[in-house]
Amino acid sequence: MYLGAIEAGGTKFVCAVGDRNGKIKERVMFPTTEPEETMRHVVEFFRQYELEAIGIGSFGPIDLRPGSATYGYITSTPKQKWVNFNFVGEMKRHFSVPIGFDTDVNAAALGERRWGAAKGLQSCIYITVGTGIGVGAIVEGSLLHGLMHPEMGHILVRRHPEDAFAGVCPYHGDCLEGMASGPAIEKRWGKKGAELAGRAEVWELEAFYLAQAIANYILILSPEKVIIGGGVMKQKQLLPSIRRNVQELLNGYIQQEAVLHDIDQYIVLPGLGDNAGICGALALAEQALAP
Ligand code: ADP
Ligand code: ZN
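Residues numbered from 1 in each chain as written. Chains lettered and ligands numbered in written order. Predicted model: local features only at pLDDT ≥ 70, side-chain atom pairs only at ≥ 80, totals over all residues. Heavy atoms only, no water.

A. The overall build of the protein chain, seen in detail. Within the protein chain, the secondary structure is distributed over ten helices and twelve strands. The C-alpha radius of gyration computed for the protein chain amounts to 19 Å, which stays within 12% of the reference 19 Å derived for 291 residues, consistent with globular compactness. Overall, the protein chain is about 55 × 40 × 35 Å in size when its C-alpha atoms are taken along their principal axes. Looking at the protein chain as a whole, 52% of its 291 residues qualify as buried. (Helix = DSSP H or I, 4+ residues; strand = E, 2+ residues; numbered from the N terminus. Rg over C-alpha atoms; globule rule 2.2 N^0.38 Å. Buried < 20%, exposed > 50% of the residue type's maximum accessible area, 1.4 Å probe, protein only.)

B. Examining the site of ligand 1 more closely. Neighbouring residues of ligand 1: 13 residues in total, closest Gly130, Thr131, Gly182, Gly231 and Gln235. Between ligand 1 and glutamine 235, the relevant distance is 2.8 Å, taken from a nitrogen atom to a side-chain nitrogen or oxygen of the residue. The fraction of the free accessible surface of ligand 1 (570 Å²) that becomes covered by protein chains is 65%. Here the shell around ligand 1 is built from residues that sort into four nonpolar, eight polar and one charged. (Near = heavy atom within 4 Å. Polar contact = N/O pair within 3.5 Å; in protein donor to acceptor, adjacent residues only side chain to side chain. Areas by Shrake-Rupley, 256 points an atom, 1.4 Å probe, with all protein chains shown as cover. Nonpolar A, V, L, I, M, F, W, Y, C, P; charged D, E, K, R; others polar.)

C. Expanded view of the sheet that holds strand β8 (residues 124-129). Spatially, the five strands line up as an open sheet ordered β10-β9-β8-β11-β12, and their pairing is mixed. A strand with exactly one partner marks an edge of an open sheet, and here the two such strands are β10 (142-143) and β12 (267-268). Both β8 and strand β11 (residues 226-229) contribute to a ladder of four bridges, which runs parallel. Its bridge partner being in β11, threonine 128 is matched across the sheet by glycine 229. Most of the contacts of helix α6 (residues 200-221) go to β8, to which it runs at about 155°, and overall it touches β8, β9 (133-139), β11 and β12. (Pairing = 2+ DSSP bridges. Contact = heavy atoms within 4.5 Å. Axes fitted to C-alpha atoms, helices over the stretch in contact; angles between N-to-C directions.)

D. Structural detail: the pattern of salt bridges. Tallying each qualifying case throughout the model produces ten salt bridges. The salt bridge involving glutamate 286 is made with arginine 114; its shortest N-O contact spans 2.6 Å. Taken together, the positions of glutamate 286 in helix α10 (residues 276-289) and arginine 114 in helix α3 (residues 104-115) put the pair 172 residues apart, joining distant regions of the chain. Given a relative accessible area of 14%, glutamate 286 falls into the buried group. (Salt bridge = Lys/Arg side-chain N within 4 Å of Asp/Glu carboxyl O.)

E. Up close: the layout of surface pockets. The space that makes up the second largest pocket amounts to roughly 350 Å³. Forming the boundary of the second largest pocket are 18 residues, of which Tyr71, Phe101, Asp102, His145 and Gln287 lie nearest the centre. Of all elements in the fold, only β7 (99-103), β10 and α10 reach the threshold of two or more residues within the lining of the second largest pocket. Among the elements that take part in the lining of the second largest pocket, β7 stands out by supplying four residues, more than any other. Partitioning the lining of the second largest pocket into residue classes produces ten nonpolar, six polar and two charged. Mapping the lining of the second largest pocket onto the domain boundaries places at least three of its residues in each of domain 1 (2-104 + 274-289) and domain 2 (117-269). (1 Å grid on protein atoms, 1.4 Å probe; cavity = no way out; pocket = protein on both sides within 12 Å on 5 of 7 lines; lining within 4 Å. Points joined across faces, edges and corners; volume = space filled by probe spheres on them. Domains from an automatic or database assignment.)

F. Region of the structure containing unusual backbone geometry. Each neighbour pair has its own omega, and for glycine 60 with proline 61 the value is 5°, a cis peptide bond. One non-glycine residue, glutamate 140, lies in positive phi territory at about 50°. At serine 222, a residue that is not glycine, the phi angle is positive and equals roughly 55°. Here serine 222 lies in the loop between α6 and β11.

G. Seen up close, the coordination of the zinc ion (ligand 2). Summarising the metal site, the zinc ion (ligand 2) is bound by the protein donors His154 (ND1), Cys169 (SG), His172 (ND1) and Cys175 (SG), whose distances to it range over 2.1 to 2.3 Å. Classification of the site at the zinc ion (ligand 2) as tetrahedral follows from its four donor atoms and the range of 102 to 119° in their angles at the metal. Donor residues for the zinc ion (ligand 2) sit on one chain with the sequence pattern H-x14-C-x2-H-x2-C. Placement of histidine 154 in the loop between β10 and α4 (176-180) and of cysteine 169 in the loop between β10 and α4 is noted, with a sequence separation of 15 residues between them. In this structure cysteine 169 comes out as buried when scored by relative accessible area, which is 6%. (Donors = N, O, S within 2.8 Å, 3.2 Å for Na, K, Ca; no water. Tetrahedral: all angles 85-135°; square planar, octahedral: opposite > 155°, others 65-115°.)

H. Molecular detail of the domain arrangement of the protein chain. Taken domain by domain, the protein chain comprises domain 1 (2-104 + 274-289) and domain 2 (117-269). Look at where the C-alpha atoms of domain 1 and domain 2 centre, and you get two points 26 Å apart. Summing the contributions of domain 1 and of domain 2, the shared interface buries around 710 Å²; its carbon and sulfur component is 56%. On the domain 1 side of the interface with domain 2, the three residues burying the most area are Pro61, Leu64 and Asp102, jointly 37% of the side's total. Taken together, domain 1 and domain 2 are joined by one salt bridge. (Buried area = accessible area lost by both parts, 1.4 Å probe.)

Here's what the structure looks like:
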């Protein structure tokens, strides 16, 4: 018996089967097109296996309120064809096993806590800096939910005095995602992030914004580990600069070794690397078996 896992992203879907040790046995990947076609691939893949449970880490926003009439739906996504898509319902129609469902970043946070950089801890946050910026949180041992789920990629940040860029968030303009996501970097500097590796000022400014957000997350949630991944973090010079900026912003106020002296072990890349999302979905499946 396997656990099934879906990492449902805005551009691609990853489906995998694996075990309770976070080991992936088989995986497939296909582009996110319209729901009908995409779900046909999903169902075809999982039909080949005997599954105990399936976990879904999905792009959103999604409805996670227990008892809600639209629980398990993708709600107000900018991807028009997926608005009000009943993701959990569609899976249940084909597979009569427990289905775990959460945001892509909450799934990744859970995966990192189960098998990765936050193993054994009661709290952590997982930040992805890619096409968008998303953050998942585990607080006191559980994934954080509320009115819906946190949307910490859209927090407001203090603008750099020399930065006149308007921002790319369709809702807020210059929120964190608007200023620091991959598309924001590309629009501000006129080139993709990968082509800007040698431009120190690009990454200093990027760290300026990401560090503000992380300092705020630390102040609000007090996570025992801060994990940061996503395409933009492939820039190796970014992480040291983020750590330094976080220490400067907190300015000795958080009197904890992790922040004061051990920040290299406190703000880290995903222990599961690019597998954080799909392993997280596996962890969601496991959690759905024994909630
Ligand atoms: P997604 O967020 O769509 O799941 P990624 O996490 O790979 O996917 O993020 C894609 C974004 O990351 C794009 O905006 C891309 O320009 C940026 N990116 C990818 N590789 C790099 C790199 N080496 N350096 C800087 N930015 C990168
Ligand atoms: Zn925003």
